[in-house]
Amino acid sequence: MRWRDRERFIFFSLLPVFLLLAVFVVLPIVFSLVISFFNYNPLSRHPPFTGLENYRNLFRDPVFLKSLANTFFFVGVSVAINLVLATLIALSIDLVSRLGIRNLFRTVFFLPTAANIAAVAIVWSYMLDPRFGIVAAVLSTFGVNVQFNWLGDQNLVMASIITLNLWQDIGYNIIIVLAGLESIPRMFYESALLDGADRVRVFFRITLPLLARTMLFVSVMTIISYFQVFTPVMVLTRGGPNHASELIGVSIYLNAFQFSKLGYASTMAVTMMVLMMVLSLLQMRIFRANWEY
Amino acid sequence: MRSGMHIRRAGIVTYLFLAAGAAVAMFPFLWMILNSFKTNKEILLTVPPTFFPKTFYLGGYLKVLFEAPFLRWTLNSLFIAVVTTAAVVFSSALVGYVYAKFRFSGKKTSFLIILATLMIPFEVIMIPEFLVVSWLGLLNTLSGVMAPSLVSAFGIFMCRQFCESIPGDLMDAGRIDGASELGIFLRIVVPEITPAMSALTIFNFMASWNNYVWPLIVINDVRKMPVSLAISYFNGIHAVHPSYVMAASVLVMLPILIVYLIFQRQFVEGLALSGLK
């Protein structure tokens, strides 16, 4: 009697979740793979099977290769700046002893992260406007009268997107690194200071090693999430000008839903999945290696 | 404990650095708010641009509130966020509890499947997900927007971590008293994992409110748009009316920023927990 109640409970708890996961995650992954071997578009009834042709075309497609290069550049630069800046800010906040001020800074630095990213991107597009934007106005008060077209110039657009994304997203890492700093027992510092170590030594000998796991977690999560950045690019430039800001997610979207090349876009998606799987495996390796202490 | 005088000694340089950073973090909000009270003419034609509005203009807000279906857009977002968050929090708590405290066949494999879905970027499955939703006849509906977001692998994982620390005696006591399994979950387990559930509530609400790409794929009809899609649509049709766009941006950000400011303690704690586990 009781046994049956328990089994029923387990069964009916898991059933809806697994149904939804099957329909909206597992099945789509299989679909992605299948579609990537077809010349699939939603209007044709019998899409022709093309085998590996999509894959062959993909790695000869200059636009895709550019978006891949853009993505790696974007992730590399953003993650590096993010980690350094987030750590610096978290360390600085951790130096503040008044609890109210600590919390105030924490709230302020996280505010951009909580705001709606589409709206944020739009506000930035007005700030960056070469004619009436505030950035141009500030530059001209300092005597810089060149009209920088921050979003329309293919040499500047990536820098603009990286800056916007960092402004919006860095709050997450500040909070997590700060939490990591707060979990380091105070007495470690006290004994080091009693032994006459200076601040810089304390940071490199005590703080950083004790923070290693947090930093590792933060860098892995940031890398994975930055490979998926989509909204600011889509709202501001749709990958332009001349594909200069096209990231891989945007490329997939444009091919699938603007050009109706669902098969080809799925090929990109599968490529991205493989890339993310390799990254995840590397992450697990590193995590396991660091699990010990 | 916390006050360790020798350690926490923020000098003037530290404060200057933090203040500069805080100014950068806040500036776009300030600029947006100030511009939302300027007229379109003032924004577009004054050289050099004014910082404070010359006159206090409310036309942008009136335009957004009364001539665009702004209330409708907000209600769409609210509906999507409330339904998906309720579903995610309930299902995550339930399934997390089952995985933490029960033994059954296939447990390990099925949990690995859940974890594996965590690593799949959305861009990878958005095309087939779009096809599934279209086959189900849910394109251009709010149900279509919500359907893939009713469960969360991250939520399940987080709740399982919390449930593992509940002592088994608590549940056994309930069983001896003759409570049903569902009753034990609702009356004993849920109160124990409230911190995890409230953090999850805020994460999910925020993610749902700010989601852009999936509604972009599913929704065509202007009246069915959630706010993040609507603001970019509104920006598109009012490119020469920055005052309206700034007012709309303020109104889109306001609800979620209020939610964050009210629940920030739970939010920060939840985020810290998810990072430290």
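Residues numbered from 1 in each chain as written. Chains lettered and ligands numbered in written order. Predicted model: local features only at pLDDT ≥ 70, side-chain atom pairs only at ≥ 80, totals over all residues.

This paragraph deals with the overall build of chain B. Assigned secondary structure in chain B consists of 14 helices and zero strands. Starting at the N terminus, the α and β elements of chain B follow one another as α-α-α-α-α-α-α-α-α-α-α-α-α-α. Since a compact globule built from 277 residues should have a radius of gyration of about 19 Å, the 24 Å found for chain B marks it as more spread out than a globular shape. Taking the principal axes of the C-alpha coordinates as reference, chain B spans close to 75 × 65 × 35 Å. Counting over 277 residues, chain B shows a buried share of 43%. Relative to all contacts within chain B whose residues are 6 or more apart in sequence, the contacts with residues 24 or more apart total 76%. (Helix = DSSP H or I, 4+ residues; strand = E, 2+ residues; numbered from the N terminus. Rg over C-alpha atoms; globule rule 2.2 N^0.38 Å. Buried ≥ 20, exposed ≤ 12 C-beta atoms within 10 Å, placed from the backbone. Contact = placed C-beta atoms within 7 Å.)

What chain A contains, in helices and strands, is 12 helices and zero strands. For chain A, the succession of helices and strands along the chain, N to C, is α-α-α-α-α-α-α-α-α-α-α-α. Scaling as 2.2 N^0.38, a compact globule of 293 residues should have a C-alpha radius of gyration of about 19 Å, whereas chain A reaches 24 Å, well beyond that. Referenced to the eigenvectors of the C-alpha coordinate spread, the extents of chain A come out at roughly 80 × 75 × 35 Å. Burial statistics for chain A: of 293 residues in total, 40% are counted as buried. Put simply, of all contacts in chain A between residues at least 6 apart along the chain, 68% involve residues at least 24 apart.

Per the domain assignment, the segments making up chain B are domain 1 (12-61) and domain 2 (68-237). Computed over C-alpha atoms, the centres of domain 1 of chain B and domain 2 of chain B are 37 Å apart. (Domains from an automatic or database assignment.)

A word on the interface of chain A and chain B. With 76 residues of chain A in contact, the opposing surface of chain B contributes 72 residues. Top element by residues in the side of chain A that touches chain B is helix α1 (residues 2-35) of chain A. It accounts for 19 residues.

The next point concerns unusual backbone geometry. Residue and element names in this part refer to chain A. Here the residue pair Gly240 and Pro241 is connected by a cis peptide bond, since its omega of -10° sits within 30 degrees of zero. Following the sequence through the fold, Pro241 ends up in the loop between α10 (231-236) and α11 (248-258). Unusually for a residue other than glycine, Ser260 sits at a positive phi of about 55°. Tracing the sequence through the fold places Ser260 in the loop between α11 and α12 (262-290). Look at Ser260 and you get partly exposed, because 15 C-beta atoms sit within 10 Å.

Our focus in this paragraph is the packing of helix α5 (residues 117-127) of chain A against helix α13 (residues 227-237) of chain B. The N-to-C vectors of α5(A) and α13(B) enclose an angle of 25°; their axes lie 8 Å apart at closest approach. One finds that α5(A) runs roughly parallel with respect to α13(B). Every residue of α13(B) that contacts α5(A) at Ala118(A), Ala119(A) and Ile122(A) is listed here: Ser228(B), Ile231(B), Ser232(B) and Asn235(B). Tallied by class, residues from the contact of α5(A) with α13(B) come to four nonpolar, three polar and no charged. (Axes fitted to C-alpha atoms, helices over the stretch in contact; angles between N-to-C directions. Parallel < 35°, antiparallel > 145°, perpendicular 65-115°, else oblique. Nonpolar A, V, L, I, M, F, W, Y, C, P; charged D, E, K, R; others polar.)

All names here are of chain B. Of all residues in chain B, 95% have pLDDT values of 70 or greater, and the mean over the chain is 88. For residues 1-6, every residue scores under 50 in pLDDT, and the model assigns this stretch five contacts once sequence neighbours within four places are set aside. Complex prediction metrics read pTM 0.89 and ipTM 0.87. (pLDDT = per-residue confidence, 0-100.)

This next bit is on the environment of Leu68(A). Looking at where Leu68(A) falls in the secondary structure, it is placed in helix α3 (residues 62-95). Leu68(A) sits 180 residues away from Ile248(A) along the chain, and the two C-alpha atoms are 5.9 Å apart.

Attention now goes to the nonpolar core. Counting residues in each nonpolar core, the largest one holds 145 residues, and the members touching the most others are Ala119(A), Ala121(A), Ile174(A), Ile175(A), Cys159(B), Ile231(B) and Ala248(B). When residues in this core are grouped by element, the largest group, 15 residues, is from helix α14 (residues 242-276) of chain B. Two domains each provide a minimum of three residues to this core, namely domain 1 (12-61) and domain 2 (68-237) of chain B. Each residue touching Ile174(A), except ones within four places of it in the same chain, is listed here: Ala86(A), Ile89(A), Ala90(A) and Phe109(A). (Core = buried A, V, L, I, M, F, W, Y, C linked by C-beta atoms within 7 Å.)

What follows deals with the environment of Ala247(B). Residues and elements named next belong to chain B. Inspection of the secondary structure assignment puts Ala247 in helix α14. Residue class for Ala247 comes out buried when judged on the 27 C-beta atoms lying within 10 Å of it. Put simply, Ala247 and Ser110 are 137 residues apart on the chain and 48 Å apart in space, counted from C-alpha to C-alpha.

On average, residues of chain A carry a pLDDT of 87, and 96% of them reach 70 or more. Mean pLDDT values for the elements of chain A range from 78 in helix α8 (residues 186-194) of chain A up to 95 in α3(A).

So, on to the packing of helix α4 (residues 99-114) of chain A against helix α1 (residues 12-36) of chain B. For any two helices packed against each other, the geometry is given by the interaxial angle and the distance between the axes. Contact geometry for α4(A) and α1(B): axes closest at 8 Å, N-to-C directions at 35°. Judged by the twist between their axes, the crossing of α4(A) over α1(B) is left-handed. Where α4(A) abuts α1(B), its residues Phe105(A), Val108(A), Phe109(A), Leu111(A) and Pro112(A) lie against Leu18(B), Gly21(B), Ala22(B), Ala25(B) and Met26(B). Of the residues contributing to the contact of α4(A) with α1(B), the split by class is nine nonpolar, one polar and no charged. (Left-handed = near helix turned anticlockwise from the far one by under 90°.)

Here the focus is the environment of Ser36(A). Residues and elements named next belong to chain A. One can find Ser36 in the loop between α1 and α2 (53-58). We classify Ser36 as buried; it has 24 C-beta atoms within 10 Å. In the structure, Ser36 is positioned 231 residues away from Thr267 in sequence and 4.6 Å away in space, judged by C-alpha atoms. Dropping the residues within four chain positions of it, Ser36 is found in contact with Asn54, Gly263, Ser266, Thr267 and Val270.

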